[in-house]
Amino acid sequence: MTSGKLSIVATPIGNLEDITLRALRTLKDCDVIYAEDTRVISKLLARYEIEKPLQRLDAATETKKADKILTRLEAGEHAVFVSDAGTPGVSDPGARLVASIHRQSPDTKIEAIPGPSALTTALSIAGMDATGFTFLGFLPHKKGRQTALKKIASGELPTVLYESPHRILKLLEELEAFELTRVTIARELTKVHEEVISGSVQDVQKHFEMHKDAVRGEFVVIVEP
Ligand code: SAM
């Protein structure tokens, strides 16, 4: 039985004001913060004048470092994990850390400090009923991509995807092959250049042709079959 605690804390997806009071209190009160990238979290901590010991824990070291965290928790410490943006475990590290602690020490307290995610933020302004949807995160780049696209286009529910600026035009080209009701692109959510573009695949492509600047930043894509 460990007396310590692990908090999985959601952080902003752009606007540094999008952080809950509970997240800030947790970051202030904990003994150590494990972060996907310590430079990214440092900006948030500086904004709120929080100084804490910082350790890196990324996708490559997640399982290995779980043992170190467990040792700390057994010593009664309070550890926090944050990914670079949004909710840990959602297309981000965190899940393997949590699973590893659960497996090795089922009684250890692991708490969620909820907050933003690009997924829910996009859905909240997409103007569609998100009672049911499929979330696939990033599509595979090569193997399995065509099969995934076909499933998305023939499915009954809207699918939410994450996409990088390098691949957004390619994804739209690929989607042209299917009959879709609507595609929505939510770009740069919570940031200065936040925008939502919605329409047929061709409408969205036209927008990007006319606004070359818009092929930058971070994207959530919602495909309605
Ligand atoms: N854990 C994060 C979450 O809860 O949303 C997702 C992390 S994933 C590595 C990063 C991807 O999320 C980006 O490539 C983009 O597709 C999406 N994303 C993150 N921030 C975003 C933003 N401000 N606007 C639009 N999409 C964003």
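The rules behind these values
Residues numbered from 1 in each chain as written. Predicted model: local features only at pLDDT ≥ 70, side-chain atom pairs only at ≥ 80, totals over all residues. Heavy atoms only, no water. Helix = DSSP H or I, 4+ residues; strand = E, 2+ residues; numbered from the N terminus. Buried < 20%, exposed > 50% of the residue type's maximum accessible area, 1.4 Å probe, protein only. Contact = heavy atoms within 4.5 Å. Areas by Shrake-Rupley, 256 points an atom, 1.4 Å probe, with all protein chains shown as cover. Lys, Arg positive; Asp, Glu negative; His and termini not counted. Charge placed at Lys NZ, Arg CZ, Asp CG, Glu CD. Domains from an automatic or database assignment. Buried area = accessible area lost by both parts, 1.4 Å probe. Salt bridge = Lys/Arg side-chain N within 4 Å of Asp/Glu carboxyl O. Polar contact = N/O pair within 3.5 Å; in protein donor to acceptor, adjacent residues only side chain to side chain. Nonpolar A, V, L, I, M, F, W, Y, C, P; charged D, E, K, R; others polar. Near = heavy atom within 4 Å.

**Student:** Could you clarify how one ought to interpret the overall build of the protein in this entry?
**Tutor:** On a plain count of helices and strands, the protein comes out with 8 helices and 10 strands. Along the first, second and third principal axes, the C-alpha set of the protein runs to 60 × 35 × 30 Å. Each of the 225 residues in the protein was classed as buried or not, and the buried ones make up 47%. Taking the intrachain contacts of the protein between residues at least 6 apart in sequence as the baseline, contacts between residues at least 24 apart amount to 72%. With an accessible surface of roughly 11,700 Å², the protein has 52% of that area assigned to carbon and sulfur atoms. Where the 29 positive side-chain charges of the protein centre and where its 32 negative ones centre are 5 Å apart.

**Student:** Whenever I open this one, the domain arrangement of the protein confuses me. Can you help?
**Tutor:** Frequently, the measure chosen for interface size is the accessible area that the parts lose on association. Splitting the protein by domain gives domain 1 (5-113) and domain 2 (118-224). The centre of domain 1, based on its C-alpha atoms, is set 29 Å off from the matching centre of domain 2. Contact with domain 1, which involves 6 residues of that partner, is made by 10 residues of domain 2. Interface area lost by domain 1 to domain 2 is led by Ile13, Val90 and Ser91, which between them contribute 77%. Joining domain 1 to domain 2, the criterion identifies 0 salt bridges. Our enumeration of links across domain 1 and domain 2 arrives at 1 residue pair in polar contact (both at pLDDT 80 or more). Its residues placed into classes, the side of domain 1 that touches domain 2 shows 2 nonpolar, 3 polar and 1 charged.

**Student:** In this structure, what is going on with the site of the ligand? I would like to understand it.
**Tutor:** The environment of the ligand is made up of 19 residues, and the closest members are Asp92, Ser117, Ala118, Tyr162 and Phe219. Separating an oxygen atom of the ligand from a side-chain N or O atom of Tyr162 is a distance of 2.7 Å. For the shell around the ligand, the elements supplying multiple residues, two or more each, are β7 (159-163) and β10 (219-224). Partitioned by chemical class, the residues of the shell around the ligand number 10 nonpolar, 4 polar and 5 charged. Split by domain, the residues of the shell around the ligand number at least three in each of domain 1 (5-113) and domain 2 (118-224).

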